[in-house]
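Listed here are the chains, written in short residue letters.
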Amino acid sequence: GRSQVCSQVRRCQARSLSSRAASRALVAAVAAAARRVSARYERYLERSFPRFYLLHSTFKTGIQALFLEVKEIRRIKAKMRRQRLSSQQLPYREMERLRQVREPGAAVPLQFRRDVLKAIPIGIIAIPPFANFLVIVLMYFFPRQLLIRHFWTPTQQVEFLDAYDAGRRGWYPAVLRGLALAARALPEPRPRRLLQQLCAQAQVSPALPGLLQVQGGARPGPAQLLAVRSSFSGSLLALNRLRGDHVRALSQVLFLTPHLPAFLLRHRLRSHVLEIQQLDRALLRLGLGQLSEEELRAACYLRGLNSTHLGRAECRAWLEQWLGLSCELQASEASLLAHSMVLLSLNH
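Cut-off values and rules
Residues numbered from 1 in each chain as written. Predicted model: local features only at pLDDT ≥ 70, side-chain atom pairs only at ≥ 80, totals over all residues. Heavy atoms only, no water. Helix = DSSP H or I, 4+ residues; strand = E, 2+ residues; numbered from the N terminus. Buried < 20%, exposed > 50% of the residue type's maximum accessible area, 1.4 Å probe, protein only. Areas by Shrake-Rupley, 256 points an atom, 1.4 Å probe, with all protein chains shown as cover. Core = buried A, V, L, I, M, F, W, Y, C linked by side-chain atoms within 4.5 Å. Contact = heavy atoms within 4.5 Å. Axes fitted to C-alpha atoms, helices over the stretch in contact; angles between N-to-C directions. Parallel < 35°, antiparallel > 145°, perpendicular 65-115°, else oblique. Left-handed = near helix turned anticlockwise from the far one by under 90°. Phe/Tyr/Trp six-rings, centres within 6.5 Å; stacked < 30°, edge-to-face > 60°. Patch = residues over 30% accessible without salt bridge, like charges linked within 9 Å, V, L, I, M, F, W, Y side chains within 5 Å. Salt bridge = Lys/Arg side-chain N within 4 Å of Asp/Glu carboxyl O. Lys, Arg positive; Asp, Glu negative; His and termini not counted. Charge placed at Lys NZ, Arg CZ, Asp CG, Glu CD.

Chemist: It is not clear to me how the overall build of the chain should be interpreted in this structure. Could you clarify?
Modeler: The helix and strand tally for the chain stands at 15 helices and two strands. Counting the 348 residues in the chain, one finds 42% classified as buried. On the chain, roughly 18800 Å² of surface is accessible, and the fraction owed to carbon and sulfur atoms is 58%.

Chemist: Looking at this structure, I do not really get the nonpolar core. What am I missing?
Modeler: The nonpolar side chains of soluble globular proteins are, as a tendency, buried together. Formed by 62 residues in total, the largest nonpolar core has its most connected members in Leu 179, Leu 195, Leu 237 and Trp 322. Residues in contact with Trp 322, not counting those within four places in the same chain, are Ile 276, Asp 280, Arg 303, Leu 337, Ser 340, Met 341 and Leu 344.

Chemist: Please clarify how the packing of helix α11 (residues 244–253) against helix α15 (residues 334–343) should be interpreted in this entry.
Modeler: Any two packed helices are characterised by the angle at which their axes cross and by the distance between the axes. Running from N to C, α11 and α15 point in directions that differ by 60 degrees, and their axes come no closer than 10 Å. It follows that α11 is oblique to α15 by the angle criterion. For the element pair α11 and α15, the recorded crossing hand is left-handed. The segment α11 lies against α15, with His 246, Leu 250 and Val 253 engaging Ala 338, His 339, Met 341 and Val 342.

Chemist: I'm lost on α11 in this one. Help?
Modeler: Structurally, the α-helix is built with 3.6 residues per turn, so residues lying three or four positions apart point the same way. Summarising burial for α11: seven of the ten residues are buried, a large majority. Taken together, the buried positions of α11 are Gly 244, His 246, Val 247, Ala 249, Leu 250, Ser 251 and Val 253. The inward-facing, buried residues of α11 contact α7 (154–169), α8 (172–184), α12 (262–286) and α15. Positive phi shows up at Phe 255, right after α11, with a value of about 60 degrees.

Chemist: How should I be thinking about unusual backbone geometry in this particular structure?
Modeler: A negative phi angle is the norm for most residues apart from glycine, just as the trans form is the norm for most peptide bonds. Residue Arg 84 is not a glycine yet carries a positive backbone phi of 55 degrees. Topologically, Arg 84 is positioned in the loop between α2 (50–83) and α3 (92–102). Arg 84 sits in the exposed class, given a relative accessible area of 77%. Here the phi dihedral of Phe 255 falls at roughly 60 degrees; this positive angle occurs in a residue that is not glycine. Tracing the backbone shows Phe 255 in the loop between α11 and α12.

Chemist: Looking at this model, I keep getting lost on the environment of Cys 300. Mind explaining?
Modeler: Within the secondary structure layout, Cys 300 lies in helix α13 (residues 293–302). A residue is classified by how much of its surface remains accessible, and Cys 300, at 0% relative accessible area, is buried. Taking C-alpha positions, Cys 300 is 9.9 Å from Met 341, a pair spaced 41 residues apart along the chain. Each residue touching Cys 300, except ones within four places of it in the same chain, is listed here: Leu 305, Ser 307, Cys 315, Trp 318 and Leu 319.

Chemist: Just checking my understanding: could you explain the packing of aromatic side chains for this structure?
Modeler: For any pair of aromatic rings, the description consists of the separation of the ring centres together with the inter-plane angle of the planes. A full pass over the atoms with the stated rule returns two aromatic pairs. With centroids separated by 6.3 Å and ring planes inclined at 10 degrees, the aromatic side chains of Phe 255 and Tyr 301 adopt a geometry described as stacked. Here the residue Phe 255 occupies a position in the loop between α11 and α12, and Tyr 301 occupies one in helix α13, the gap between them amounting to 46 residues. When its relative accessible area of 10% is taken as the criterion, Phe 255 is described as buried. You can call Tyr 301 buried: its relative accessible area is 9%. Considering the side-chain rings of Trp 318 and Trp 322, the 5.7 Å spacing of their centres and the 20 degrees angle between planes classify their relative orientation as stacked. Separated by four residues within a single helix, Trp 318 and Trp 322 lie in helix α14 (residues 312–326), roughly one turn from each other. Trp 322 carries the same exposure label as Trp 318, and that label is buried.

Chemist: Explanation requested: a positive patch on the surface in the structure shown.
Modeler: A cluster of basic side chains, namely Arg 35, Arg 36, Arg 40, Arg 43 and Arg 47, defines a positive patch on the protein surface. Mapped onto the elements, Arg 35 comes out in helix α1 (residues 2–48).

Here it is in structure tokens:
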């Protein structure tokens, strides 16, 4: 009796194993067939519709990059929990990656959550076989409105970053007007004179009223800005004392939402600037020479400089100036660092 039961059990196990093996073989065969069909489809697109093929390959690469980003962020958070680290203790690259998730109130720099939300409907559309053709059509006609940065082609990345930068530069005159107005009210004559000179260096172009040009082709350097640092910590130019319209203009320059009460805007502006300063200190520890050209461009863009058309040497020289200023300032001087995003990027 017992031997019969054992043999029946073995036969059931064998049947179970064979059915599982058959299922795995079937899945593998279907997957291989799907890969062959997909490869033929891609060759057809590349041969017959090269522009659509570029969008198709960009879409595939973007999906992979998005999943890798999710995986990387989960790894960093797990490391922080395991080692009980704060974000300030992370290396530069991990701190920069995590910034995109945690940053409060950002319009462009806070990409991750919005990227995921925008990617969900695109992913659902692309589930049925060959439905990614519809995604490609959407990418072709509405790239900036419907697609996240992972799905932009290299040309679109430059075009859209230029558009975002033009938007923030449109707020430079308002920032400088607010700065000049506050400078006139300073009681100390020397800081008042130095700040008025800084504001006088920039003037509005008569041809394009939203465009600033710098007299004599010069721009303020870190030494000039450090000379007026005391005016930005305990006076009318401290973040907690800036006028509401001045704070809103600065928020637009830093890609922060301006549609909040002034006291919340001041808090978010300060948090954002101090987070950039923490990144700066981590970057100084790492060394600019360790960054790739793409990382250098991204670091410049975050700090106010449109680096899409600049070379590696120009980006590095500008970042050296920025770090020389940022790492000298205290948290109480965050207002000067926020204004420096405008002042140091003039005439670029």
